[in-house]
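Below, each chain spelled out in residue letters.
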Amino acid sequence: MSQNTTLKRFLMAGVALALATACTQGDGIESPGATTTGGAGPTPAPGPTTPAPTGGGTCPASGFTCVDSTGASVAAGQQGSGTVFAQISGQLTGTTTLETLPANTVYELVGRLDVGIDGGLDCSAGQAGTLVIAPGVTIVGDEGGDYVIVNRCSQIQADGAANNPIIFTSKADLVRQATNPGDVGSGINAEWGGLVILGRAPINECSTGMVGVDCENVIEGATNPDAIYGGNQANDSSGTLRYVQVRFAGFDIDGNGNELNGISFGGVGTGTTLDFIQVHHNLDDGVEFFGGTANISHLALTGNFDDSLDTDLGWSGAAQFVLINQTDGNGDNGMEMSGDTDPTIANFTTVGAASNAFRMNSGHAGDFYNGVVSYTGNCFRFEGSAGTPTFNSILFDCSGALTNDMPDTPALVAAINAGANNTTNVPATITSNFLPGPNETPPAATPVDVTAVNPFFVAADYLGAFGPDETETNNWTTGWTLGLAPALSCPTGTTATGTMINGLEVCDVSGTITQDLTLTRGLIYRLSGRVDVGVDVGIDGSSGSSVALAIEAGTTIFGASGADYLVVNRGSELFANGTADSPVVMTSANDVKNVGDRAAANGEWGGLVILGRAPINECSAGMVGVDCENVIEGATNPDALYGGNLVGDSSGSLQYLQVKFAGFDIDGNGNELNGISFGGVGSGTTLNHIQVHNNFDDGIEFFGGTANASNIVLTGNFDDSLDTDLGWAGSLQFLIIEQQNGNGDNAMEMSGDTDPTIANFTTIGAASNAFRMNSGHAGDFYNGVVDYDGNCFRFEGSAGTPTFNSVNFDCSGALTNDMPDTPALVAAVNAGADNNTSFSTSLMSRVVNGPNEDSATAVTNLSSINPFLVDVDYVGAVEDVNDTWWRGWTCGLEAGSSC
């Protein structure tokens, strides 16, 4: 498996529980346990735990036979030794309520428990029963023959709470929880039976061979007597399951594959409420729908040993917010769908390393929307008997293949291709906690408005089960599930410090990172000194070591001094993939602790250096050509090299990233760190939605290379905002530069025979010059707005001949500062189409085009000039008030958004 795939699978993996060694280091951070205001608050416990089998439970006052942990009988109202089990068995008719029990007392199933006696198709037979379960109640079984059946015409009302769920589990789980609360029971299943709910909604396969209003069947897994389901009541109600866990269940009831699922829904109707349900480590399927019309939402299926979600016998309900996490090495299919089912499923995340994400056959169709599939196996086993499903806005990322080449693979591929906004070649960027990354949220993703698809659905404009406003400590699984919201610990490769900032534990990152590492969200990371990602592999990749550093969306990394900085060496990659709602932030210790005047702050830590093997034109050894390399400025002891001959070299991906208050003169001789230095970075690197704010030296500097970038914001930097040198030949579109009044030098300083293409830029400032051009710089500029209190240009005699088209200059100083080659600059401006040197800017909200920008003529065929550029019909970086690409993830530009 490739390095990138290995990293990606690490990001997609389920919860990993790790121990880290704590140490205390002195940098003014709060002592252990202390917090400051404004943080996310303490990380919650791993989820609800069941009562520990210690201490003396008490038998309820009446109505139950009780035994204690030694097997001795306990009389009503009396205390036993250890946990006391109030036993339930037989048939429950009328209303039975399981109230909250005293400490160390739980309910225990003894054999099959029937709620009611089957009432038949019209409820004229049998006898109804209702089982009411209070929030926080735990019910255990001790073997596969202990299970619950809710019969037709009866109901279960298991209505838990987010902080007090109802738990069905095993007696053995109680012992594990006592030893290690939150134990996920790795590899464990089939410690009791499961939960079976039967209704009178339609099914399409009948035990008597009849299909129609009187169709009914026998549920699998329940025998002596058989349990019947099906009917003609689409809106039938079997009660409520809300905030319910089913753990470690499943059983082959007769040794012939007649197996109990975690929860079996047989002919269950839309009148049933199914919301916030987890099935964890079931032997057979997690949840199986046998026909019916029931809808379900907030369904977590974790570590099940056959299929996570199985559908059969014509289930036609809807499901939204579904998380499937198959355990590596266990499980079969994420979803197995057959029996002419036709459900509608939206906002699902399927992660696993088992057989297939989907197995479809036997007439299954179904409609799927806004999904993420990240699977180490195949996406599909699509068999010849399957129907024609519909897919819209699904991200398929399967390292096996899209399908396993069953006979009807072309039909499956045609169905995917026919749907809107499906992708089969885009990597999933969900975090290790299954939260969305940049490829699951707009603008990279285009979700379907599912409220227009099915009235059961609620609005969710993202791909996957979780939204971008959800966090590790606050999402729909928090507080009531097992193993999905664990207490976070510092990843292997970092060191726990035992200190806290804003309620988040500080993890130390130092030295050279020599193995792939993911900095997971929900913690905060401190750079201690120079941190190297990988060891330089050289021009030909024959030396050193290549690693990948991934930083999850919403993560903050900080340094405490100018000597703290990050270097990504040649051959290694950085994946800092934030989102518009949760950018990655690299900043200073003073900033995370809100120390000092932030408006004037700069140079409080080092910065970010990324080095690649793309061509440069100035070499440390005087060589120009395929072997040209150089030493990056700002990084010393040892020197860091960049340059090579790989135009398409990749240094990773930076998306929705803030770099704040960085920059440092590393040796006192002007050898300065920029906010971000790109040295020989290639066009295979993804760079978009990046802000550098208040850097001591330049905001961004390109030292050669071929990297392209878009949606760049450079604010308040104290030297140049954008500096280009050593032959940078990339492209940049949608650039906002705002120089700080009284600080900064040039908005753009361009030299070293660079020849970039820059389009749709808005440059605002009151420093030296909007542009300083020299040393052979040429470049092509399109659709610009320059609003500057100084001169537009310092155009020096050594500059090349740039090209300008549809660039609007409004500089209160002058067009140029009368350097010797001013005539050459004026000639270049005059030669371009639709430039305006007497323009009057009318920008709104500092960067949004106003009426004068709206009336300016734009170059509209940018993609034909440069394939990296997208076609637009406006000048400047921000078209109008509806153009919000810069909002939400940046700081300091939008009213009320401070840095």
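Keep in mind it's a predicted model, so treat the numbers as computed, not measured.

## Focus on the overall build of the protein
In step 1: A count of helices and strands for the protein gives 7 helices and 55 strands.
In step 2: In terms of C-alpha radius of gyration, the protein reaches 31 Å, essentially the compact-globule figure of 29 Å for 899 residues.
In step 3: Each of the three principal axes of the protein carries a C-alpha extent, and together these read 100 × 60 × 50 Å.
In step 4: Counting the 899 residues in the protein, one finds 60% classified as buried.
In step 5: Carbon and sulfur atoms make up 47% of the accessible area of the protein, which amounts to about 29,400 Å² in all.
In step 6: Here the protein contributes 23 positively and 98 negatively charged side chains, and the mean placements of these two sets differ by 6 Å.

## Some thoughts on the environment of glutamine 245
In step 1: Locating glutamine 245 in the fold gives a position in strand β14 (residues 239–247).
In step 2: A sequence separation of 28 residues divides glutamine 245 from asparagine 217, and the C-alpha atoms of the two residues are 27 Å apart.
In step 3: Among the polar contacts listed, one links the side chain of glutamine 245 to the side chain of arginine 247, at a separation of 2.5 Å.

## Describing unusual backbone geometry
In step 1: The omega torsion across proline 442 and proline 443 is 5°, close enough to zero to call that bond cis.
In step 2: With respect to the secondary-structure elements, proline 443 resides in the loop between α3 (409–418) and β29 (495–501).
In step 3: We note that asparagine 694 has phi near 55°; this positive angle belongs to a residue other than glycine.
In step 4: Take asparagine 694: it is sitting in the loop between β45 (686–693) and β46 (700–703).
In step 5: A positive phi angle is found at asparagine 760, which is not glycine, with a value near 55°.
In step 6: Here asparagine 760 shows up in strand β51 (residues 757–765).
In step 7: In this structure asparagine 760 comes out as buried when scored by relative accessible area, which is 0%.

## Focus on the pattern of salt bridges
In step 1: Applying the stated criterion across every chain, the model contains 25 salt bridges.
In step 2: For arginine 598, the salt bridge is made with aspartate 591, and the minimal N-O distance between the two is 3.7 Å. The burial state of arginine 598 is the same as that of aspartate 591; both residues are buried.
In step 3: Here arginine 887 ties to glutamate 894 by a salt bridge, and the two come within 3.6 Å at their closest N and O atoms.

## Observations regarding the state of the cysteines
In step 1: Enumeration over the complete set of coordinates arrives at 8 disulfides.
In step 2: One disulfide bridge connects cysteine 123 with cysteine 153, the sulfur atoms lying 2.0 Å from each other. Linking cysteine 123 and cysteine 153, the disulfide has an S-S dihedral of approximately -95° and is accordingly described as left-handed. Here the residue cysteine 123 occupies a position in the loop between β5 (105–115) and β6 (129–133), and cysteine 153 occupies one in the loop between β8 (147–150) and β9 (155–159), the gap between them amounting to 30 residues.
In step 3: Taking relative accessible area as the criterion, cysteine 123 reaches 32% and is therefore assigned partly exposed.
In step 4: Between the sulfur atoms of cysteine 379 and its disulfide partner cysteine 398 the distance amounts to 1.9 Å. An S-S torsion of about 95° defines the bridge between cysteine 379 and cysteine 398 as right-handed. In this pair, cysteine 379 is assigned in strand β27 (residues 378–382) and cysteine 398 in strand β28 (residues 390–398), connecting sequence segments 19 residues apart. For the pair cysteine 379 and cysteine 398, a shared accessibility class is recorded, and that class is buried.

## With respect to the packing of aromatic side chains
In step 1: For the coordinates displayed, the defined rule picks out 30 aromatic pairs.
In step 2: Measuring from centroid to centroid gives 5.7 Å for tyrosine 243 and tryptophan 480, while their planes differ by 85°, and the two rings are edge-to-face. Here tyrosine 243 is found in strand β14, whereas its partner tryptophan 480 is found in the loop between α3 and β29, with 237 residues between them in sequence. A single burial state applies to tyrosine 243 and to tryptophan 480, both of which are buried.
In step 3: On the numbers, 6.0 Å between centres and 75° between planes, the contact of phenylalanine 804 with phenylalanine 809 is edge-to-face.
In step 4: Judged by relative accessible area, phenylalanine 804 falls into the buried class, the value being 0%.
In step 5: Owing to a relative accessible area of 2%, phenylalanine 809 belongs among the buried residues under this scheme.
In step 6: Every member of this aromatic cluster is reached through a ring pair, and the members are Phe348, Phe358, Phe368, Phe380, Phe391 and Phe396.
In step 7: Geometry around phenylalanine 85 places lysine 171 over its ring, the cationic atom sitting 4.2 Å from the centre.

## Quick look at the side chain of threonine 816
In step 1: Mapped onto the fold, threonine 816 is located in the loop between β55 (803–811) and α5 (822–831).
In step 2: For threonine 816, the side chain forms a polar contact with the main-chain nitrogen of aspartate 818, separated by 3.2 Å.
In step 3: A distance of 3.0 Å separates the side chain of threonine 816 from the side chain of threonine 822, its partner in a polar contact.

## Some thoughts on the confidence of the model for the protein
A low pLDDT score tells you not to read the predicted coordinates there in detail.
In step 1: Across the protein, the average pLDDT comes to 89, with 92% of residues at or above 70.
In step 2: Throughout residues 1–54 the model reports pLDDT below 50, and contacts reaching past four residues in sequence, or to other chains, amount to 143 contacts.

## Remarks on helix α2 (residues 171–179)
In step 1: The set of residues buried in α2 consists of Asp173, Leu174, Arg176 and Gln177. Down the axis of α2, the sector holding all buried residues measures 165°, keeping them to one side.
In step 2: Contact partners of the buried residues in α2: β3 (84–92), β5, β7 (138–141), β10 (166–170) and β14.

The rules we used
- Per-chain numbering applies: the sequence of each chain, read as written, is numbered from 1 onward.
- Local features in a predicted model are, by the rule used here, given only for residues with pLDDT of at least 70; side-chain atom pairs are given and counted only at 80 or more, and totals for whole chains, interfaces and linings are based on all residues.
- In computing side-chain properties, one takes all heavy atoms of the structure into account and sets aside hydrogens as well as water.
- Each helix is a run of H or I in the DSSP string that is no shorter than four residues. Each strand is a run of E no shorter than two, and both are numbered from the N terminus.
- Taken over C-alpha atoms, the radius of gyration is set against a globule rule of 2.2 Å times the number of residues to the power 0.38.
- Between buried and exposed lies partly exposed: a residue is buried under 20% and exposed over 50% of the maximum accessible area for its type, with that area taken using a 1.4 Å probe on protein chains only.
- Residue burial considers only the protein chains on display, and all accessible areas are found by Shrake-Rupley using a 1.4 Å probe.
- Counting rule for charge: Lys and Arg are taken as positive, Asp and Glu as negative, and neither His nor the chain ends is counted.
- Where a charge lies is defined by one atom per residue type: Lys uses NZ, Arg uses CZ, Asp uses CG and Glu uses CD.
- Side-chain atoms alone can form a polar contact between residues adjacent in sequence; in general such a contact is a pair of N or O atoms within 3.5 Å, and within protein one must be able to donate a hydrogen while the other accepts it.
- Any Lys or Arg side-chain nitrogen located within 4 Å of an Asp or Glu carboxyl oxygen qualifies as a salt bridge.
- Throughout, disulfides are identified as pairs of cysteine sulfur atoms within 2.5 Å of each other.
- Paired rings are identified among Phe, Tyr and Trp, the last through its six-membered ring, by centres lying within 6.5 Å, and are further divided according to the angle between planes into stacked (under 30 degrees), edge-to-face (over 60) and tilted (the rest).
- Charge over a ring is defined by NZ of Lys or CZ of Arg lying within 6 Å of the ring centre and within 35 degrees of the ring normal.
- Scored from 0 to 100, pLDDT reflects the predictor's confidence in each residue.
- In what follows, a contact means two residues having at least one pair of non-hydrogen atoms within 4.5 Å.
- This arc is taken over the directions from the axis of the helix to the C-beta atoms.

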